[in-house]
Structure formats: C-alpha cells, structure tokens
Amino acid sequence: MIQLTKQRAKEILKAVGGQNILVLGDVMLDEFVWGDVTRISPEAPIPVVDVQRESVHLGGAANVLANVISLGARASVTGVVGKDRAGEQLRSTLSQMTSQDGNLVSDESRPTTLKTRIIAHSQPVVRTDRESRAPVDSRIEDMVIERLQAEVPRADALVVSDYDKGAVTPRILETILPLAYKRIPVLIDPKLRNFKSYRPATLITPNHFEALRMSNSEEDSDAGLHLAAKRIRADLNCDAVLITRGARGMMLLETDSDPIYVKTAAREVYDVTGAGDTVIAALAAALAAGATMLEAATFANQAAGIVVGKVGTATVSPDELISTFED
C-alpha cells in the first residue's frame, strides 16, 4: 500500500488551487426521489414509495467538474445537451458553479441524459434513464472540437469522461488528444466502444470489468488484471493504467515492471454512484498540481473512500480529504 503523508496531501491540495482542469464527456443530470416504503402495492408485488423530497445533482462529466471544483481547482466542461428542461437545468447549475456554460453544445435531436433514482430508507429501489446513446453527428462534432481547441491552451489537465452516451466520438478524440497530450496530462475514464481511439494518453482508468473486456480476458485476479493492464498499455501506448477494483482498491501499472496496489480507503460503503467521477477528478487535480502518479493514485483512493460513504452523487471537500491522512 502506498502511503501519502498528511503534510504532502496538504501541499498537493494547496497547489490544486491554481490549476484549471478541462473536462470532455457525457454530461447528465442525476435526479433523486427520496421516500419511505410502508406497504406493497395492491396492483403488483412492488413497494409503494411515499415521496418525502427530491433533489437534482450534476452527473457524468458534469460530476467530474463538480468534484474538481470541490477540491479547489477551476474547471470547465465540454459536452452535449438537448433543448429540454433537463438541459436548461444543467446549464443553470453549471453557470452558478463556474460562471459559464458556454462549452455546452445544444443538440435538439437528442434528450439531455437524465437518470432518476428512487431511494427508500437510504437504499435504491429503481432507476430510470432518459437518454440517447447514438454518436453525435458531424455538425455537433465540429462545435465540440472548436470549443476544445480554444480551451486546451488554457488548461492544466484534460479529463475525458466517456459514459458511452454519444458525446465522445473517435473523431473528437483523434483531433483533441494529440493536441492536449503535447502539453498537459490527459486522463481517460474509458468505455469499450471508443477504446482504440484513446491515444495518446497519460492515464487510462478502467474499472476491473472494463479492463477485462478491453483486454479480452476473464481472470478477475491480481495476475489477470496485471495482464489486462499490460495489454491495455501495449494496445494504446499510454503512460499508465489505473484499474479501480471496488472493495479491493486500485492497481497502478506505469512501466513493464510489477504493478502497485493501493488498498481501498472506504470505511463503510453506502452508495458507489459517481465514485469513478471522484477518482478521475482527484487524479487530474493532483497530477496538474505536480504530484507523482503514485501520489495521485493514493490521493484519489482516499477521495473515493469518502464519497462511497455518502448516499447519492457526492463530492469531497479539502477538509474531508485531509482528515483521512495520518500525520
């Protein structure tokens, strides 16, 4: 297990305050309906949820941005929304958080991705998704590329948050990644559909299921994931691969030598919603601030351990993060 002292974590967080993180990806809204279950429906064997309250949070790539800002850095997000109520709400929330939403592209042919979760007694009951997973057309690609080309020179790191909802396409990646990689860390939270287009990149962060699929492997063990990481590095020629493994922590492979294992920092797991967003946001912030890859992995692991202890889409504050490190 890699150790990061409280003093070093404070140094990284202080440096994070001067960084500007650019996020590209599938923006969405996470809607939560909170209530209690006291009876079963007479119409079907399903619980009846008595709604107590509702809340809406930034999701997907927008949640990556929220996590970056919560850690103290500046950030902007480039993505695609529909011309609908959810899109307007997403724009409004981003404007309040960043004083700008000009990097969002409107596409009237598709809905804004909206995930609605019904929570009863702090436990998820059901989730509904309103979305389109079709890739955006060339006109939208042109607009996304234009915005990214303007933002990359002002950024200290680029995060690609690919949720496979169509806003991240091979053409966008093949245009922007070489431009960004020349000057800043490029971090990618991947999906299988665009796998071959994630190059060049500083760090790829699949979860263990994604890593096995991307490497055509089935062995979900230390040895199997080590082999998967080696194959991903070879296929993409990326600098490093960080595999998130849930309760088993993380595995980092930077070179052809043995991987480094980072033990999970979670004390109690209530909800893993958005944990991957927190991980890549913390990684990007730390790398932009000058942390080593190992330091950034430990930094992100501690952040993830906090958010999984919260119900719903959540972020981490600097004080919360510092409190998890030992003197």
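The text that follows walks through the structure, step by step, so that each part is easy to find.

Quick notes on the rules
- Residues numbered from 1 in each chain as written.
- Predicted model: local features only at pLDDT ≥ 70, side-chain atom pairs only at ≥ 80, totals over all residues.
- Heavy atoms only, no water.
- Helix = DSSP H or I, 4+ residues; strand = E, 2+ residues; numbered from the N terminus.
- Buried < 20%, exposed > 50% of the residue type's maximum accessible area, 1.4 Å probe, protein only.
- Areas by Shrake-Rupley, 256 points an atom, 1.4 Å probe, with all protein chains shown as cover.
- Lys, Arg positive; Asp, Glu negative; His and termini not counted.
- Charge placed at Lys NZ, Arg CZ, Asp CG, Glu CD.
- Polar contact = N/O pair within 3.5 Å; in protein donor to acceptor, adjacent residues only side chain to side chain.
- Pairing = 2+ DSSP bridges.
- Contact = heavy atoms within 4.5 Å.
- Axes fitted to C-alpha atoms, helices over the stretch in contact; angles between N-to-C directions.
- Salt bridge = Lys/Arg side-chain N within 4 Å of Asp/Glu carboxyl O.
- Expected span 1.5 Å × (residues − 1).

## A short note on the overall build of the protein chain
- From N to C terminus, the protein chain includes 10 helices and 13 strands.
- Expressed as lengths along the three principal axes of its C-alpha atoms, the size of the protein chain is roughly 60 × 45 × 40 Å.
- Across the 327 residues that make up the protein chain, the buried fraction comes to 55%.
- When the accessible surface of the protein chain is summed, it comes to about 14,100 Å², and 49% of that surface belongs to carbon and sulfur atoms.
- Treating the 36 positive side-chain charges of the protein chain as one cloud and the 43 negative ones as another, the clouds have centres 2 Å apart.

## Re the side chain of Thr 324
- Within the fold, Thr 324 resides in the segment after α10 (318-323).
- Judged by its relative accessible area of 14%, Thr 324 falls in the buried class.
- Here the side chain of Thr 324 touches Leu 321 through a polar contact of 2.7 Å, landing on its backbone oxygen.

## Describing the sheet that holds strand β9 (residues 186-189)
- Here 9 strands make up an open sheet; going across it, the order is β5-β4-β1-β8-β9-β10-β11-β12-β13 and the pairing mixed. Pairing within the sheet leaves two strands with one partner each, and these edge strands are β5 (104-106) and β13 (260-262).
- Taken together, the 4 bridges between strand β8 (residues 157-161) and β9 define a ladder with parallel strand orientation. Paired with Ser 161 across the bridge in β9 is Asp 189.
- Strands in contact with helix α7 (residues 222-236) are β10 (203-204), β11 (240-244), β12 (250-253) and β13; relative to β12, the strand with the most contacts, it is inclined by about 40°.

## Thoughts on the environment of Gly 246
- Here Gly 246 shows up in the loop between β11 and β12.
- Along the chain, Gly 246 and Gly 35 lie 211 residues apart, while their C-alpha atoms are 28 Å from each other.

## A closer look at unusual backbone geometry
- Each neighbour pair has its own omega, and for Arg 199 with Pro 200 the value is -5°, a cis peptide bond.
- Following the sequence through the fold, Pro 200 ends up in the loop between β9 and β10.
- In the Ramachandran plot, His 121 falls in the positive-phi region, its phi being about 55° despite a non-glycine side chain.
- Checked against the element boundaries, His 121 lands in the loop between β6 (113-120) and β7 (123-130).
- Within the chain, Asn 216 stands out as a residue other than glycine whose phi angle is a positive 55°.
- By secondary structure assignment, the location of Asn 216 is in the loop between α6 (208-214) and α7.
- Here Asn 216 falls in the exposed class, since its relative accessible area comes to 73%.

## Quick look at the pattern of salt bridges
- By the definition in use, this model includes 14 salt bridges.
- A salt bridge links Lys 191 to Glu 210; the shortest N-O distance between them is 3.1 Å. Linking Lys 191 in the loop between β9 and β10 with Glu 210 in helix α6, this pair joins segments that are 19 residues apart in sequence.
- Linked through salt bridges whose partners overlap, the residues forming this network are Arg 8, Glu 11 and Glu 295.

## Considering helix α9 (residues 293-307)
- Taking 1.5 Å as the rise per residue, α9 with 15 residues should run 21 Å; its terminal C-alpha atoms sit 21 Å apart, in good agreement.
- In terms of residue burial, α9 counts as a mostly covered element, since 14 of its 15 residues are buried.

## Focus on the pairing of strand β1 (residues 20-25)
- Of all 6 residues in β1, 6 are buried; the element is thus mostly enclosed.
- The side-chain alternation of β1 yields two buried faces, one formed by Asn 20, Leu 22 and Leu 24 and the other by Ile 21, Val 23 and Gly 25.
- With 5 bridges connecting them, β1 and strand β4 (residues 74-81) associate as parallel partners. If you follow Val 23 over to β4, its bridge partner there is Val 77.
- With 5 bridges connecting them, β1 and β8 associate as parallel partners.

## Thoughts on the environment of Asp 220
- The topology assignment puts Asp 220 in the loop between α6 and α7.
- Residues Asp 220 and Leu 252 lie 32 residues apart in sequence; the distance between their C-alpha atoms is 15 Å.
- In this structure, Asp 220 is in contact with His 208, Leu 212, Leu 225 and Arg 248, ignoring residues within four places of it in sequence.
- Within the local environment of Asp 220, its side chain forms a polar contact with the side chain of His 208, the two groups lying 3.0 Å apart.
- Here Arg 248 takes part through its side chain, which lies 2.8 Å from a polar atom of the side chain of Asp 220.

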